[in-house]
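Structural features, examined
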Amino acid sequence: MGHAVRLAFISVLLGGYALPVPAADVAMTRIGGNWLTEPRDGIIQLSVDAQGNLQGRIVGGNHPGLRDEHNPDATLRSRELRGQIILKDMKYDGNGRWSGGTIYKPDNGKTYKCKVELRGDDTLGVRGFIGFSLLGVTQTWTRYTGTSMDLPPARQGAP
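The sections below set out a description of the structure shown in this document. Worth saying up front: this structure is predicted, and the values here are computed from it rather than measured. (Residues numbered from 1 in each chain as written. Predicted model: local features only at pLDDT ≥ 70, side-chain atom pairs only at ≥ 80, totals over all residues. Heavy atoms only, no water.)

Reading around the circumference, β1-β2-β3-β4-β5-β6-β7-β8 is the order of the eight strands in this closed barrel, with antiparallel pairing throughout. Along the sheet, successive strands turn relative to each other by an average axial angle of 35°, direction set aside. The pairing of strand β4 (residues 85-94) with strand β5 (residues 97-105) spans five bridges and is classified as antiparallel. Bridge pairing in β5 links K88 to T102. (Pairing = 2+ DSSP bridges. Helix = DSSP H or I, 4+ residues; strand = E, 2+ residues; numbered from the N terminus. Axes fitted to C-alpha atoms, helices over the stretch in contact; angles between N-to-C directions.)

Following this line, the structure appears as structure tokens:
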């Protein structure tokens, strides 16, 4: 019997009193969905893959039809970025943190090691780095609740 099923069964036996959900289950449930990247130019859909790892797929942005022109594999440069998995193999470390995976940056065609931290229901820290985590950049992604996957063009001089 799975952990969640056992909790539900015990809850019924106790007369419907709710039991606390383990932190891993809560974080895994909360992280799923669409997230707006910090430059506000992309929408990444986070989900759990068949192996239980966190992954992220480009589902929207402000450049529909943009191609993967910086990909180091020349045969992939004509593929559309929308629909591509850019965050993968992220293993859950506990306390709303994932690591051990990679993130692909379409702007330069490079893949970096990655850490992800759920900072709240609507805020996510995503750190891409080379070698050690100290040598990297962190972006703050925010939950995207809009319905359009096409974002307006980025404003000149916008932060």
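That shown, we press on.
The next thing to look at is the pattern of salt bridges. Enumeration over the complete set of coordinates arrives at five salt bridges. Ionic pairing is found between D121 and R30, a salt bridge with its closest N-O pair at 3.1 Å. Note that D121 is positioned in the loop between β6 (110-120) and β7 (123-129) and R30 in helix α2 (residues 23-31), a separation of 91 residues in sequence. Overall, R30 belongs to the partly exposed group, its relative accessible area being 42%. (Salt bridge = Lys/Arg side-chain N within 4 Å of Asp/Glu carboxyl O. Buried < 20%, exposed > 50% of the residue type's maximum accessible area, 1.4 Å probe, protein only.)

Turning our eyes to something else, we now look at the environment of T102. By the element assignment, T102 lies in strand β5. With 15 residues separating them in the primary sequence, T102 and L87 have C-alpha atoms 5.8 Å apart. Contact partners of T102, with chain neighbours within four places excluded, come to I86, L87, K88, M90, T111, Y112, K113 and C114. (Contact = heavy atoms within 4.5 Å.)

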